[in-house]
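# Chains, contacts and geometry: an overview
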Amino acid sequence: MKGTAIVAGGGLAGISAACDLADAGWKVTLLERKKRLGGMVASFPDPESGGEIDNGEHIAIEACTELLGLFGRLGCLDRLKRQPRLRIPFVGPDGRVAELTESSWSFLTFPFLSLGDRWRVARALRRIGKMRDAEIAPLDNFTSADWLDDLGQSPASISRFWDFFLAPALNEPAARSSAALAARVLRDAMGLGPQFSRFCLFRAPLGTVFPAAAEAYLTSKGGTIRSLATVTKVRPETGRVVLELTDGGTVEAEACVLALPHENLAEVFPESAPPLEHSPILNAHLWYDKAVTSLEFFAMIDSRVQWVFNRSVISGLPGPGQHLSCSISAARDWAHRPGEEIASDCDAELKRRFRSEARLVRFVISREHRATFSARPGTAPMRPGPRTRHAGLVLAGAWTDTGYPATMEGAVRSGRAAARELVKAGGGT
Ligand SMILES: Cc1cc2nc3c(=O)[nH]c(=O)nc-3n(C[C@H](O)[C@H](O)[C@H](O)COP(=O)(O)OP(=O)(O)OC[C@H]3O[C@@H](n4cnc5c(N)ncnc54)[C@H](O)[C@@H]3O)c2cc1C
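Predicted, not measured: the structure shown is a model, and the values here were computed from it.

This part covers the sheet that holds strand S6 (residues 80-82). Taken in spatial order, the three strands make up an open sheet running S5-S9-S6, and their pairing is antiparallel. Bordering the open sheet on either side are strand S5 (59-61) and S6, each of which pairs with just one other strand. The average angle at which neighbouring strand axes cross in this sheet is 30°, direction not considered. Inspection of the sheet shows S6 paired to strand S9 (residues 199-202) by three bridges, in the antiparallel sense.

Written out as structure tokens, the structure is:
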């Protein structure tokens, strides 16, 4: 046995750190304040159906190699629906559907951009695919919109192409997001080849995808999971780290990974918490009495509701009704709107585009006000790496310095980096 380690926070960052430490022979205790692991990748009970509803659509792509690697280790890759070929349907305001695929022909004929814009987008994509890290880092001082403008991109191509990928990935629109994070995401997704942009969708409710598998994995390696265990204070001491819990008890180990959201880190260990802001994500779950569309998912051109996921098709739910999930990223403007208004706007958009007579039977609005940190320009220096000034105490979380915005891939990478730091130090403090 290498040593003892506590991992505080059972999201993807904490889970990946715990798995790596357990694999390296550490005796790991994972503390999570909620009942179930998974953190932001969550679903909640739906009394009406007896099932669970996702807090928000979570999409990965094939370039998320660390996330897919973790799911492979946990044995839950089969819960993902992975596209055999890239296929992204876009639906225009008049209901016209055009798909972007791996063939350049689909892009050359993409009807929602002018011919000139298509050519300029293709040229920019080629250029971004070849960018080096040293070229990307200084872009943190600029917005994605300014950077794309420098690359010759028109406002129309930003709203009808770039922001469909950047706004969900960065959870800020191009006008507010860091160009460095945009460039990194685009280069890693598109620069590696179109096959790395294929979508991976979750078939099952998020809370049932990997938390149980992670518990089983860690337990099989001698680890302990303590759910409903909330850390209130972290005390680094010589040779050990002591964590105080809400029940008045303490736990200690030779090493500790703090894999908490930055706002919770500020409560329990303020010296390492950065002054990052949040950005909300909103999801409108709509149930219809009959099918509105046969598309599995699609992007809506010129709509505040950028992406719609057909849960009935993705999860193979029985008909005749249909469950559509509308995903609204960077939802500062919609976060406090009444649910009825949101549902009615989404419903009107869908019915207009698909000329559907389906009846909206019910809706549930899920609001995550602190979904991600706000990926604004100038955030790079605020995001610490795994190391703290205390031996044996490291940080993880999608908000740490991963080079990525707050994503599942970033969370897993941060957990792995934190575990590496402890393994390198060779057994605790
Ligand atoms: C609606 C929504 C949609 C999203 N869509 C996507 C997407 O499509 N693709 C993508 O890649 N990413 C997406 N994300 C982002 C992604 O979910 C997160 O970046 C990632 O899951 C964060 O993981 P984490 O482990 O860093 O943090 P978290 O998941 O926040 O985990 C931290 C854990 O710490 C626990 N905790 C907090 N305080 C304490 C305490 N005091 N003691 C003990 N435990 C504590 C929390 O309960 C939580 O379980 C989305 C997020 C949301 C909210």
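Here strand S3 (residues 43-46) runs beside strand S4 (residues 51-54); their pairing, made up of four bridges, is antiparallel. Note that in S4 the partner of serine 43 across the bridge is aspartate 54. Linking two consecutive strands that pair antiparallel, namely S3 and S4, is a turn of four residues; a positive phi of about 80° is found at glycine 50 within it.

Moving on, we get to the site of the ligand. The local shell around the ligand holds 32 residues, among which Glu32, Met40, His58, Ile59 and Ala398 are the closest. Within the backbone of arginine 33, an N or O atom sits 3.2 Å from a nitrogen atom of the ligand. Backbone polar atom of methionine 408 to an oxygen atom of the ligand: 2.8 Å apart, as the coordinates give it. Surface burial for the ligand is 94%, taken as the share of its 1,000 Å² of free accessible area covered by protein chains. Elements with a minimum of two residues in the shell around the ligand: helix H1 (12-23), strand S19 (360-373) and helix H13 (408-425). Per-class residue counts for the shell around the ligand are 16 nonpolar, eleven polar and five charged. Counting only domains with at least three residues in the shell around the ligand, you end up with domain 1 (4-45 + 206-276 + 383-425) and domain 2 (57-81 + 278-373).

Attention shifts here to the nonpolar core. Leu12, Phe90, Trp147, Trp162, Leu243 and Val257 are the most contacted members of the largest nonpolar core, which has 117 residues in total. Counting 23 residues, the second largest nonpolar core, distinct from the first, contains Leu282, Tyr288, Phe298 and Cys346.

What counts and how
- Residue numbers run consecutively from 1 along every chain, following the written order of its sequence.
- Only residues with pLDDT of at least 70 are given local features in this predicted model, and only at 80 or more are side-chain atom pairs given and counted; all residues enter the totals for whole chains, interfaces and linings.
- Hydrogens and water molecules were not included; the side-chain quantities draw on all heavy atoms of the structure.
- At least two bridges found by DSSP between two strands are what make those strands a pair.
- By the criteria applied, helices consist of DSSP H or I runs no shorter than four residues and strands consist of E runs no shorter than two, each listed in order from the N terminus.
- Every angle, taken between N-to-C directions, lies between 0 and 180 degrees, and every axis is a line fitted to C-alpha atoms, over only the stretch in contact when it is a helix.
- Near, as used in this document, describes a residue that has one of its heavy atoms within 4 Å of the molecule or strand being considered.
- As used in this structure description, the phrase polar contact means that two N or O atoms lie within 3.5 Å; if the pair is within protein, one of them must be able to donate a hydrogen and the other to accept it, and residues adjacent in sequence are counted only when both atoms belong to side chains.
- The protein chains shown are the only cover counted for residues, whose accessible areas, like all others here, come from Shrake-Rupley with a 1.4 Å probe.
- Only Asp, Glu, Lys and Arg are considered charged in this grouping, and only Ala, Val, Leu, Ile, Met, Phe, Trp, Tyr, Cys and Pro are considered nonpolar; every other residue, Gly among them, is considered polar.
- For each domain, the first and last residues come from an automatic or database assignment.
- Residues grouped as a nonpolar core are buried Ala, Val, Leu, Ile, Met, Phe, Trp, Tyr and Cys residues, joined through side-chain atoms within 4.5 Å.
- Each residue is placed in one exposure class: buried if its accessible area under a 1.4 Å probe, protein chains only, is under 20% of its type's maximum, exposed if it is over 50%, and partly exposed if it falls in between.

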